[in-house]
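# Examination of the molecular architecture
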Amino acid sequence: FLCSRSRLCSARDLFATPTPQSFQVGINIIEAQKLVGVNINPFVVVKVGEEKRHTATQKSTNCPFYNEYFLFEFHEPRDILFHRLIEISVFHSKKIPFLGTCIGTFKMDVVTVYSQPDHRFFQKWAVISDPMDTRAGVKGFVKCNISVTARGEVVGSLPTSSSSQDEDIERNLLLPKRVPAERPWARVCIKLYRAEGLPSMSAGIMGGFSKIIGEKKVFIDPYVQVSFCGQQGETSVETNTTDPEWNEQISFIEMFPPLARKIKVQVLDDANVGDVAIATHYIDLQQISDSGRNGFNPTFGPAWVNLYGSPQNSALRDIHKDLNEGMGEGIFYRGRILMAITVEIFSSPSQPGEVTVEVEELHPLPENALGRKEEFLLFAAFFEATMMDSSLSSKPVSFEVSIGNYGKAEEVVTKVWRKMEKGEVKEEKQPLLDPGSDGELDVEVLAPASAALNKSVTNSQRPEPMEYDRSYSCLPMMHEKPCVYVWSYWEDHTWRLCISNWIVKLAERLEQGLDDVEKLMRRPKAKAEERLREVLEEFVAGCRQYLLSTERKTMAHPNNLDRCRMKYLMRNIILYAKQGLRMRRRLTRANVTEKVKETRRVLTKLRFMAKEPQCTLPDVLIWMLSNNRRVAYARVPAQNILYSVVEEEKGKDCAKIQTVFMKVPRLHTGEIFAKLEVYMWLGVTKYAKNCLAELPEEFKYLSESGQEIAQLSAYSPPSRLSRDDFSYFQLRAHLYQARGILPADDNGLSDPFARVVFSTHCQTTRMLEETLSPMWNELLLFDQLIVDGKKEELKTETPIIIINLFSHNKFGSPEFLGHAFAVPQVKLVDEPYTKPALQFFDFYKGTKAVGELIATFELMELDYSGYLEDVEPKEPDYLGDPHAGRFIIPEGIRPVLKEFRIEILFWGLRDLKRVNLFEVDQPQVIIECAGKKVESEVIVAYKENPNFTELVKYMDVDLPEQVYLHPPLSIFVVEKWAFGRTVLVGTHVVSDVMKFSPRELEEDPEDVPK
């Protein structure tokens, strides 16, 4: 079963823009052999991206030896670096320096190197060939090492080199696995037919010079630039249009298979002063080809490709313009482009003499080659908007839902920062979409549901602070849920997405099962092996079902890629099903960990297969507008909410309440800006009556004017849902302890507290001082909660709880240390009560795991008197002082503690590094466990005598009986400076204290030698 509401948000999804990282590309040119030419003076030029370096020149030799090392440093997001090319060329030096003639080159992109084992090629021979003379064959070999390392990655040790003279060059070529040594030349053709719905630029400063059409609208002069493997080609420019027709093909000549993975397609606006990118799209060759034995060459389309970029329409001072250059995920739809890709491989006599980029004319595609446009309805109901940033507190907030250009608000005020004389900020109104620009649709099609019927923006409401702890705000949606609906027109290629959805569901189920198994593996005596057996059985059954259904599937207007992909999916699903059966047969209690790893590998392949490269429906964008300014967004792929009559082909979130996290454009931190619960449905209008079928029954449908709609028709969806009767719940959050959290202060410790957010409520634990493993042992009680959704589905579709961890700051706002997601255990009125067991939840900050939380959560339905029948205890006990109003975790959930003694034997300190350029002189060791501390003496002069004089110390701590709940032991080394200041030299965490215990633990108290 798949959850939408309680699906935990993966850390990757929270990033609006990818974070720049530091990378080093190291290239060691060792020697060259068999260079073609008489009496040549060779030198090697190495180019990575835009940077060039060259070796010294060796005089008159065909096998020069260099052994020179070049290091290229980059600080940029992973994707951008990975698209860069590494070029190694050999030149023959003439009398005039740097006017060498090129003997030949070798090209490979960075990602190919990075995907090698250890991210490097070691002592391999690059094949040099001359692009100007392709028939001449190999021009020589260059022996080199290439490595790509990200900052913080551990570099494996190098193998010892075997520098024997008669080394076999042919066997050690610089090529990835499964790429043949002799690569034929091939022509890659990219056919560009036309584009539609491109944004029209608004008249900025250029308005004075350019042609102004109508009301301050400047149409663009678009052309397309395609770059691949270091070569570039451009179409002609179409003037004054947002729906250009090019009908041209650009063909590149490159060795096949190419060592670069991406084709970059960029639409630009031809301007007098520098051309501006309108949008960029990358096509990954791995997704449109299959290199296996029965595989197929890259092929694509003809199909529409959706373009995304920035919301602004003038190129001047657009802060998001990197998005149009293809950096980061686009946050706004910017039209679509119809294109195709074909590859033809030459047999040797027919190949062209030199590598050129050709641009030729094409016949336009016939009118209905991709099928007629169908009418789609997108319906969304907002159930909850909470955990909104407190910066929104005073201004009214509304939401806009759009798909493609349908549903975008007409006028939205965007701030344009101008350096004015007084430095003030001027707001400019910018029309975002010209209602008349969509001339393609015929008038008859628009008659039944014209744009006037769309309601894409909710009415604005003022946010209110959340209950209990007022640090976040939420929108009041208790009694009425606002709805939006948008009609749009696309070619109906939904069958592609249906097939993809089927595989996505296979993958999601497998992943959920594997997560279960991994949770069970953390505990002794749990039945991880049996659960894994079930998971594999279920997976194989799912594969069988998929194979049966796709045999009967019909494809409307399929192209070459569709046919090839269909066979490819069939073949691979059969293969994975066989692998699943084999793993199930060989599974024993001893090799569970290994089999989980193997299954994870299958899962990664499934996830890759499920991506549909020709996704014709654009993503749905939800924008949060505050005071008519765009502040945060979420992008929901159309296939996730697509309706299909067949259950397995339905999007995984179609007609379900799903949790959506809003993020701020251009933010690297990965913090959540707001959390929504939305019900979404997208489908062809003929199924539109199903769009409300899954909503809970107690809602009344209201129209715009507030009247109840008795008869629902496809063309009048409700504007609001309202309800009067509620069922109430109580949430008990038992937070026991967190461990391994980030240090926030200079002394290497934090003052942590947690904020627990559920629905429109937020509560805070107490703040504990100076610890990295806070033991709160606290119960937070949320009473009289209202939970939306069908009661019978609450068990599986449970609303999510977010635990935000902060460190208290005496002077400023608290510092964010990470967040964890949890799903409560649900108990309805008529069910017996069982005490929950403590569980582990991981904290994330950005994509990094930063510690874990031990806690458990229960959500219990209250009966009409608001009373809990058989729940023990009815009234929880107070934690410490009753006036503080804090509760302790009840017995039976709270672990039973035993007293242990930890003895420490202090010997000395060695190899301490400098701190802030100062040498360490007076160090001290502090050992902390379960809230108790032991401090060693301060070593007076570390340089002269690094040993301790006072050796044995001990502390008595209370530890839980269950070993897996034991808190870690932290060791800190600090340096004492003048005036009582301490600085942290370093820390170490011992996660498992029990490994220092004697065998006969049951009788003896524990002792820990260090």
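Residues numbered from 1 in each chain as written. Predicted model: local features only at pLDDT ≥ 70, side-chain atom pairs only at ≥ 80, totals over all residues. Heavy atoms only, no water.

## Topic: the overall build of the protein
In terms of helices and strands, the protein carries 8 helices and 49 strands. Taking all 1010 residues of the protein together, the buried fraction comes to 53%. Across the protein, every contact between residues at least 6 apart in sequence was considered, and the portion connecting residues at least 24 apart equals 71%. Only carbon and sulfur atoms are counted for the fraction: they give 50% of the accessible area of the protein, which is about 47200 Å². (Helix = DSSP H or I, 4+ residues; strand = E, 2+ residues; numbered from the N terminus. Buried < 20%, exposed > 50% of the residue type's maximum accessible area, 1.4 Å probe, protein only. Contact = heavy atoms within 4.5 Å. Areas by Shrake-Rupley, 256 points an atom, 1.4 Å probe, with all protein chains shown as cover.)

## Quick notes on a positive patch on the surface
A contiguous patch of positive charge on the surface is contributed by K177, R178, K597, R601 and K605. Tracing the chain through its elements places K597 in helix α8 (residues 592–610). Here K597 falls in the exposed class, since its relative accessible area comes to 56%. (Patch = residues over 30% accessible without salt bridge, like charges linked within 9 Å, V, L, I, M, F, W, Y side chains within 5 Å. Salt bridge = Lys/Arg side-chain N within 4 Å of Asp/Glu carboxyl O. Lys, Arg positive; Asp, Glu negative; His and termini not counted. Charge placed at Lys NZ, Arg CZ, Asp CG, Glu CD.)

## Focus on the sheet that holds strand β16 (residues 276–284)
Here 4 strands make up an open sheet; going across it, the order is β13-β12-β15-β16 and the pairing antiparallel. Two strands close off the open sheet at either side, each with one partner strand: β13 (231–234) and β16. Strand-to-strand twist across the sheet, computed as the mean angle between neighbouring axes with direction ignored, equals 20°. Judged from the 6 bridges that link them, strand β12 (residues 222–228) and strand β15 (residues 262–269) form a sheet pairing that is antiparallel. Paired with S227 across the strands is K264, a residue of β15. (Pairing = 2+ DSSP bridges. Axes fitted to C-alpha atoms, helices over the stretch in contact; angles between N-to-C directions.)

## Observations regarding unusual backbone geometry
Here the residue pair F256 and P257 is connected by a cis peptide bond, since its omega of 0° sits within 30 degrees of zero. In this chain, G301 is followed by P302 through a cis amide linkage whose omega measures 5°. One can find P302 in strand β17 (residues 300–309). With a phi angle near 25°, S60 is a residue other than glycine that sits in the positive phi range. You can see S60 is positioned in the loop between β3 (51–54) and β4 (65–77).

## Looking at the side chain of D130
Checked against the element boundaries, D130 lands in the loop between β7 (120–129) and β8 (138–150). Buried and unpaired, D130 has no salt bridge, with K139 as the nearest side chain of opposite charge at 4.4 Å. Ignoring sequence-local partners within four residues, the contact set of D130 consists of I103, G104 and K139.

## Here we look at the side chain of S93
For S93, the location among the structural elements is in the loop between β5 (85–92) and β6 (101–109). Taking relative accessible area as the criterion, S93 reaches 15% and is therefore assigned buried. S93 has contacts with N41, F43, T57 and G100, leaving out every residue within four places of it along the chain.

## Side note on the packing of aromatic side chains
For the structure on display, the rule yields 24 aromatic pairs. Relative to F82, the ring of F23 lies with its centre 6.0 Å away and its plane at 55°, an arrangement referred to as tilted. With F23 in strand β1 (residues 20–33) and F82 in helix α1 (residues 78–82), this residue pair connects regions lying 59 residues apart in the sequence. Of the two residues, F23 and F82, both sit in the buried class. (Phe/Tyr/Trp six-rings, centres within 6.5 Å; stacked < 30°, edge-to-face > 60°.)

## Topic: the packing of helix α6 (residues 528–551) against helix α7 (residues 560–586)
Axis separation between α6 and α7 bottoms out at 9 Å; the angle between their running directions is 155°. Here α6 is positioned roughly antiparallel relative to α7, judged by the angle of their axes. Like other packed secondary-structure pairs, α6 and α7 cross with a definite hand, here left-handed. Between α6 and α7, the contacting residues are R533, L536, E537, F539, V540, C543, R544, Y546, L547, T550 and E551 on the first element and M566, L569, M570, I573, I574, Y576, A577, G580, L581, M583 and R584 on the second. Here the contact of α6 with α7 is built from residues that sort into 15 nonpolar, 2 polar and 5 charged. (Parallel < 35°, antiparallel > 145°, perpendicular 65-115°, else oblique. Left-handed = near helix turned anticlockwise from the far one by under 90°. Nonpolar A, V, L, I, M, F, W, Y, C, P; charged D, E, K, R; others polar.)

## A word on the environment of T386
Relative to the assigned elements, T386 resides in strand β20 (residues 373–386). Taking the C-alpha atoms as reference points, T386 and E464, separated by 78 residues in sequence, lie 9.6 Å from one another. If near-sequence neighbours (up to four positions away) are discounted, T386 is found in contact with M466, S473, C474, A674, K675, S759 and T760. Only 3.4 Å separates the side chain of T386 from the backbone oxygen of S759, close enough to count as a polar contact. (Polar contact = N/O pair within 3.5 Å; in protein donor to acceptor, adjacent residues only side chain to side chain.)

## Here's the deal with the packing of helix α5 (residues 494–521) against α7
With their axes 12 Å apart at the nearest point, α5 and α7 run at an angle of 20° to one another. Between α5 and α7, the interaxial angle falls into the category roughly parallel. For α5 against α7, the interelement crossing comes out left-handed. Together, W495, R496, I499, I503 and L506 of α5 and D562, M566, L569 and I573 of α7 make up the contact between the two elements.

## A closer look at the sheet that holds β17
Read across the sheet, 5 strands follow the order β17-β18-β9-β14-β19 without closing on themselves; strand pairing throughout is antiparallel. Two strands bound the open sheet, and with one partner strand each, they are β17 and β19 (358–361). Direction aside, the axes of adjacent strands within the sheet are offset by 30° on average. Where β17 meets strand β18 (residues 332–345), 7 bridges bridge the pair, whose relative direction is antiparallel. Bridging across to β18, Y308 finds its partner in Y333.

## Digging into the pairing of strand β39 (residues 815–822)
Where a strand is regular, its side chains alternate between the two sheet faces. Along β39, 7 of the 8 residues are buried, which leaves the element largely enclosed by surrounding structure. For strand β38 (residues 801–807) and β39, the ladder comprises 7 bridges, and the chain directions are antiparallel. Residue pairing across strands places S807 opposite E815, the latter belonging to β39.

## Here's the deal with the nonpolar core
Judged by nonpolar contacts, the single largest core of 69 residues is most densely connected at I190, L192, I263, I337, M339, I341 and L606. At 10 residues, the largest contribution of residues to this core is made by α5. Counting residues in each nonpolar core, the second largest holds 43 residues, with V44, I86, V111 and I128 among its members. (Core = buried A, V, L, I, M, F, W, Y, C linked by side-chain atoms within 4.5 Å.)

## What to know about the pattern of salt bridges
It is possible for side chains bearing opposite charge to pair when their charged atoms get close. Summed over the entire model, instances satisfying the criterion amount to 48 salt bridges. In this structure, E196 and R336 form a salt bridge, with 2.9 Å as the shortest nitrogen-oxygen distance. You can see E196 sitting in strand β9 (residues 185–196) and its partner R336 sitting in strand β18, a full 140 residues away along the chain. A relative accessible area of 9% places E196 in the buried class. When salt bridges with common partners are traced through the structure, they connect E196, R336, K373 and E491 into a single cluster.

## Focus: the confidence of the model for the protein
This prediction gives the protein a mean pLDDT of 84; 88% of its residues lie at or above 70. Scored below 50 in pLDDT, residues 203–215 makes 13 contacts in the model with residues more than four places away or belonging to other chains. Counting contacts from residues 1002–1010, a segment whose pLDDT is below 50, to residues more than four positions away or on other chains yields 26 contacts. (pLDDT = per-residue confidence, 0-100.)

## Things to note about a nonpolar patch on the surface
On the surface, L905, W907 and V952 cluster together into a nonpolar patch covering about 320 Å² of accessible area. Positionally, W907 belongs in the loop between β44 (897–905) and β45 (923–929).

## Here's the deal with the pairing of strand β2 (residues 42–48)
Burial within β2 is extensive, with 6 of its 7 residues counted as buried. Summarising the sheet, β2 and β3 pair through 4 bridges and their orientation is antiparallel. In the strand pairing of β3, V48 is matched with E51. From the end of β2 to the start of β3, which pair antiparallel, there are 2 residues, and G49 there has a positive phi angle of about 60°.

## Section: the environment of V850
The topology assignment puts V850 in strand β42 (residues 848–861). Along the chain, V850 and I741 lie 109 residues apart, while their C-alpha atoms are 5.6 Å from each other. Once residues within four sequence positions are removed from consideration, V850 is found in contact with G740, I741, L742, L817, G818, F843, Y844 and K845.

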